[in-house]
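The primary structure of each chain is shown beneath.
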Amino acid sequence: HYSGLEEAVYRNIQACKELAQTTRTAYGPNGMNKMVINHLEKLFVTNDAATILRELEVQHPAAKMLVMASHMQEQEVGDGTNFVLVFAGVLLELAEDLLRMGLSVSEASYRVIEGYEKACKKALEILPDLVCCSAKNLRDVEEVASLLHTSVMSKQYGNERFLAKLIAQACVAILPDSGHFNVDNIRVCKIVGAGISASSVLHGMVFKKETEGDVTSVKDAKIAVYSCPFDGMITETKGTVLIKNAEELMNFSKGEENLMDLQVKAIADSGANVVVTGGKVADMALHYANKYNLMLVRLNSKWDLRRLCKTVGATALPRLTPPTLEEMGHCNSVYLSEVGDTQVVVFKHEKEDGAISTILIRGSTDNLMDDIERAVDDGVNTFKVLTRDKRLVPGGGATEIELAKQITSYGETCPGLDQYAIKKFAEAFEAIPRALAENSGVKANEVISKLYAVHQEGKKNVGFDIEAEAAAVKDMLEAGVLDTYLGKFWGIKLATNAAVTVLRVDQIIMAKPAGGPKPPSGKKDWDEDQND
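Let us look at the structure shown here. Since the structure is predicted, the reported quantities are computational estimates derived from the model, not experimental observations. (Residues numbered from 1 in each chain as written. Predicted model: local features only at pLDDT ≥ 70, side-chain atom pairs only at ≥ 80, totals over all residues. Heavy atoms only, no water.)

**Re the pairing of strand β6 (residues 217-226)**
Taken together, the six bridges between β6 and strand β10 (residues 329-339) define a ladder with antiparallel strand orientation. Looking at β10, one finds that A221 is bridged to C331. Bridge count between β6 and strand β7 (residues 274-277): four bridges; the pairing is parallel. Looking at the pairing, I223 lines up with V274 of β7. Here two bridges tie β6 to strand β9 (residues 316-317), and the two strands are oriented parallel to one another. (Pairing = 2+ DSSP bridges. Helix = DSSP H or I, 4+ residues; strand = E, 2+ residues; numbered from the N terminus.)

**Digging into the packing of aromatic side chains**
Enumeration over the complete set of coordinates arrives at nine aromatic pairs. Taking 4.6 Å as the distance between ring centres and 25° as the angle between the ring planes, the aromatic pair formed by F87 and F429 counts as stacked. Residue F87 is located in helix α4 (residues 81-99), and its partner F429 is located in the loop between α13 (418-428) and α14 (431-439); the two are separated by 342 residues in the primary sequence. You can call F429 buried: its relative accessible area is 0%. Centroid distance F207 to F347: 5.9 Å. Interplanar angle 85°. Geometry classified as edge-to-face. Taken together, the residues span a long stretch of sequence, with F207 in strand β5 (residues 200-207) and F347 in strand β11 (residues 342-348) at a distance of 140 residues. Classification of F347 by relative accessible area gives buried; the value is 1%. Pairwise contacts between aromatic rings join F83, F87, Y116, F425 and F429 into one cluster. For the cation-ring pair, R100 lies above Y10, with the distance from its terminal atom to the ring centre recorded as 4.1 Å. Its end group placed over the ring of Y485, R391 keeps NZ or CZ at 4.0 Å from the ring centre. (Phe/Tyr/Trp six-rings, centres within 6.5 Å; stacked < 30°, edge-to-face > 60°. Buried < 20%, exposed > 50% of the residue type's maximum accessible area, 1.4 Å probe, protein only. Lys NZ or Arg CZ within 6 Å of the ring centre and 35° of its normal.)

**Digging into the packing of helix α7 (residues 160-174) against helix α11 (residues 366-388)**
Pairs of packed helices are described in terms of their axes, by the angle between the two and the distance that separates them. Taken N-terminus to C-terminus, the directions of α7 and α11 make an angle of 50°; their axes are 10 Å apart at the nearest point. Regarding the angle of α7 to α11, the classification is oblique. Handedness of the α7/α11 crossing: right-handed. Within the contact between the two elements, α7 uses L163, I167 and C171 and α11 uses I372, A375, V376, G379, V380 and F383. Considered class by class, the residues forming the contact of α7 with α11 number eight nonpolar, one polar and no charged. (Axes fitted to C-alpha atoms, helices over the stretch in contact; angles between N-to-C directions. Parallel < 35°, antiparallel > 145°, perpendicular 65-115°, else oblique. Left-handed = near helix turned anticlockwise from the far one by under 90°. Contact = heavy atoms within 4.5 Å. Nonpolar A, V, L, I, M, F, W, Y, C, P; charged D, E, K, R; others polar.)

**A look at the pattern of salt bridges**
For the coordinates displayed, the defined rule picks out 26 salt bridges. A salt bridge links E142 to K165; the shortest N-O distance between them is 3.5 Å. Within this pair, whereas E142 is found in helix α6 (residues 141-153), its partner K165 is found in helix α7, the two being separated by 23 residues in sequence. Note on E142: relative accessible area 52%, which makes it exposed. Between K280 and D231 there is a salt bridge; the shortest N-O distance is 2.9 Å. On the criterion of sequence distance, the pair formed by K280 in the loop between β7 and α9 (283-291) and D231 in the loop between β6 and α8 (246-269) is long-range, its members being 49 residues apart. For K280, a relative accessible area of 48% corresponds to the partly exposed category. Overlapping salt bridges bring together K17, E96 and R100 as one network. (Salt bridge = Lys/Arg side-chain N within 4 Å of Asp/Glu carboxyl O.)

Right, here's the structure in full:
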């Protein structure tokens, strides 16, 4: 129970500020990495806000609101989670200043909420005017790679050109004519060894598995997929066989062998030359698979089995029956390869428009490859956003400073107490270029004053130059630092909603059992007759 409503409001704001501060230092290409150890004692080294929040167990109910907002951003856009956290944290920090100005907390909260909502509405109205260009052709690898630079750069600064090209190749190869792009169709396979520059893209799927039999390579593969073990069928009921002499014993095992032989021969006769199974492979079945030159691959994961079916166009069969032509999958080649010292099975499509692409990531440590995988995820999500809305806004704090400038002007035209909140909302946008500058080791106030000066001259696309030694600015459109319009739109909307929700809370009531001693347990079955 908190002492007074005011104290509760300030405590909520304080918890959210601390959470935002954690991820603020990780913002941008020069952001610091966080070392997170989760409840399973697994180590994560990353500056990706979505991962940090997923692995942290945030207990404070108000801070959980910000976590929910950033999860929503992750689901809606797939990138920009840190923007939501930083922006919402600053909105609450500035709201605290307004609450301390003298009005009663309930009245001040109402005024701040009203002002923030007005300013958010205005910001979303201004945003379409700040669009600097649009994606022209999403089937051009070079153009797509240039649009993905910014997203990848914030996670893997220095490797963004190489990774953006890989992601672009993978995405363009599987973009369907309908334009409905599915993020799950880009798979990632991580193999320790070599370096990032040894990473590559394959049209098809790669599994960290070895083949079961002797056949290790098949061209023009016809694939039979089984979700059951590659073994003889076992009856559901137990049967007892009485064997009287040695001849009967020989015939019994021979009958089983003949049955297995017939089953595998039927599969080979159907035209299939690769068998993929979701269960164990019996020794006898393996012998006959080798006899009929069938390549055998075992996949333990049912998800992998489903994705493979999608890639090669096969149907997973529940019993060892010979597949029909419609049930069989096709791909150009299936082969066992060695990457580093890891054996992999590759299902390769030669033609470009395959259903699934795999990005093969190489790196010196698992942590490094996990971080590259997160950068790839962000790049793929950015591509998906561009298939929905091709508009782009300048990055590097240019959009934020322009919004801050225009909303400040709007605030001055508003009568009443709302204008203070609207101006604070505009000031909150400064947190983005400020975070970029601080993380790059440059004086933030100098950068912000330079940006305001340039934007007053009408140059909307000018943002902070992170590569310069001192506080410098440059045109973001020319530099190719671009953010997606939808990413900014949802980021502003969700951050404002989260901040307003926290400000509306004046009490946290936890449902917990009351204190006091536990009731006596008493004797069990006290009412039963002892003589029974």
